[in-house]
Amino acid sequence: MDRRLLVALVGLVEVLAPRRIAAFWIGLCCRNPDQVELRPWVIHAIRIEGLALLGWVAWQSRDAIDDTEPDRATIEEPTYQEESADTPAIDPDTRRFDIAAVLYHTDEPLSVAEVVDLSADTTWEIGRSTASATLYRMYNESLVDRAERDGEGRFEYWLTEDGRAAVESSDVTIEPNPFAD
């Protein structure tokens, strides 16, 4: 059995039941334990000793706790794609592609509300929160750019060059096109 466990148990008992510990030791040491009167600081000293024992156990156990973490040498650093001439891909048959296709076919920047309105009653119909979240992710990936519209916190979006290249690199027809006659 690990000695730290035993020391922790003794420390815990000293913290939680110091009077019983004092009565135990007095019973072992004295012939007439009923005649012994403890001074008030003895109980506090037993508690402090118990806390010290628990602190020692925690200090000794810190290495065991640290050993559960992997070594820094074994942690693989995440690899980030370096920026290159390659454009990010937008998979067809996804909401991202649908929104990118709409932005691809327009001459003007569109707001989230306009994209949602263009999708109404179509097979690629999209909700406002989904469109907003998708456009925000695409903005973070530099596929679209945005500017504030009307100073009210609404944004209008348009495809960046990377976004256009990503849409054009797909081997499918760039649809939907809500502007087709």
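Residues numbered from 1 in each chain as written. Predicted model: local features only at pLDDT ≥ 70, side-chain atom pairs only at ≥ 80, totals over all residues. Heavy atoms only, no water.

Now for the overall build of the protein. Of regular secondary structure, the protein possesses 7 helices and 3 strands. In sequence order, the protein lays out its α and β elements as α-α-α-α-β-α-α-β-β-α. Across the 181 residues of the protein, 26% fall into the buried class. Long-range contacts, defined as pairs at least 24 residues apart, comprise 61% of the intrachain contacts of the protein with a sequence gap of at least 6. Carbon and sulfur atoms make up 50% of the accessible area of the protein, which amounts to about 13,300 Å² in all. (Helix = DSSP H or I, 4+ residues; strand = E, 2+ residues; numbered from the N terminus. Buried < 20%, exposed > 50% of the residue type's maximum accessible area, 1.4 Å probe, protein only. Contact = heavy atoms within 4.5 Å. Areas by Shrake-Rupley, 256 points an atom, 1.4 Å probe, with all protein chains shown as cover.)

Bringing the confidence of the model for the protein into the picture now. Residue-level pLDDT values for the protein average 82, and 85% of them are 70 or greater. Predicted confidence for residues 80-84 stays below pLDDT 50, and this span has 0 contacts to residues more than four positions away or in other chains. (pLDDT = per-residue confidence, 0-100.)

The next subject is the side chain of E14. Structurally, the position occupied by E14 is in helix 1 (residues 3-16). One buried charged side chain, E14, makes no salt bridge at all; its nearest oppositely charged neighbour is R47, positioned 10 Å away. Discounting chain neighbours no more than four positions away, the residues touching E14 are I21, I46, R47, E49, G50 and L53. (Lys, Arg positive; Asp, Glu negative; His and termini not counted. Salt bridge = Lys/Arg side-chain N within 4 Å of Asp/Glu carboxyl O.)

Here the focus is the pairing of strand 2 (residues 144-149). Sheet topology note: the strand 2/strand 3 (residues 154-159) ladder contains 6 bridges and is antiparallel. Opposite R149, over in strand 3, you have R154 as the bridge partner. Turn length for the strand 2-strand 3 hairpin, with the two strands adjacent in sequence and antiparallel, is 4 residues, and the turn residue D150 shows positive phi of about 65°. (Pairing = 2+ DSSP bridges.)

Here 2 bridges tie strand 1 (residues 110-111) to strand 3, and the two strands are oriented antiparallel to one another. Within strand 3, the position partnered with S111 by the bridge is E156.

Right, let's talk about the pattern of salt bridges for a bit. Taken as a whole and assessed by the stated rule, the structure comprises 3 salt bridges. Two residues, R96 and E141, come together in a salt bridge whose shortest N-O distance is 2.5 Å. Of the two residues, R96 sits in helix 4 (residues 95-105) while E141 sits in the loop between helix 6 (128-140) and strand 2, which places them 45 residues apart along the sequence. On the basis of relative accessible area, R96 is assigned to the buried category, the value being 19%. Within this structure, E114, R149 and E156 form a network of salt bridges that share partners.

A contiguous nonpolar patch, built from L5, L6 and L9 and spanning about 270 Å² of accessible area, is present on the exposed surface. Tracing the chain through its elements places L5 in helix 1. (Patch = residues over 30% accessible without salt bridge, like charges linked within 9 Å, V, L, I, M, F, W, Y side chains within 5 Å.)

Read from one edge of the open sheet, 3 strands run 1-3-2, paired in antiparallel fashion. Looking at strand neighbours, the two that pair on one side only are strand 1 and strand 2, the edges of this open sheet. The sheet strands contacting helix 6 are strand 2 and strand 3, and the helix crosses strand 2 at an angle near 115°. (Axes fitted to C-alpha atoms, helices over the stretch in contact; angles between N-to-C directions.)

Now for the side chain of T106. Mapping T106 onto the fold places it in the loop between helix 4 and strand 1. Of the polar contacts made by the side chain of T106, one reaches the backbone oxygen of E108; its length is 3.1 Å. (Polar contact = N/O pair within 3.5 Å; in protein donor to acceptor, adjacent residues only side chain to side chain.)

Turning to the packing of aromatic side chains, a few remarks are in order. One pair of aromatic rings is described through two measures. These are the centre distance and the angle between the planes. On inspection of all chains with the given rule, the structure shows 1 aromatic pair. The interplanar angle of 70° and the centroid separation of 5.2 Å between the aromatic rings of F24 and W25 together place this pair among those described as edge-to-face. The side chain of R146 reaches across the aromatic face of Y139, ending 4.3 Å from its centre. One cation-aromatic arrangement involves R146 over F155; the distance from NZ or CZ to the ring centre is 4.0 Å. (Phe/Tyr/Trp six-rings, centres within 6.5 Å; stacked < 30°, edge-to-face > 60°. Lys NZ or Arg CZ within 6 Å of the ring centre and 35° of its normal.)

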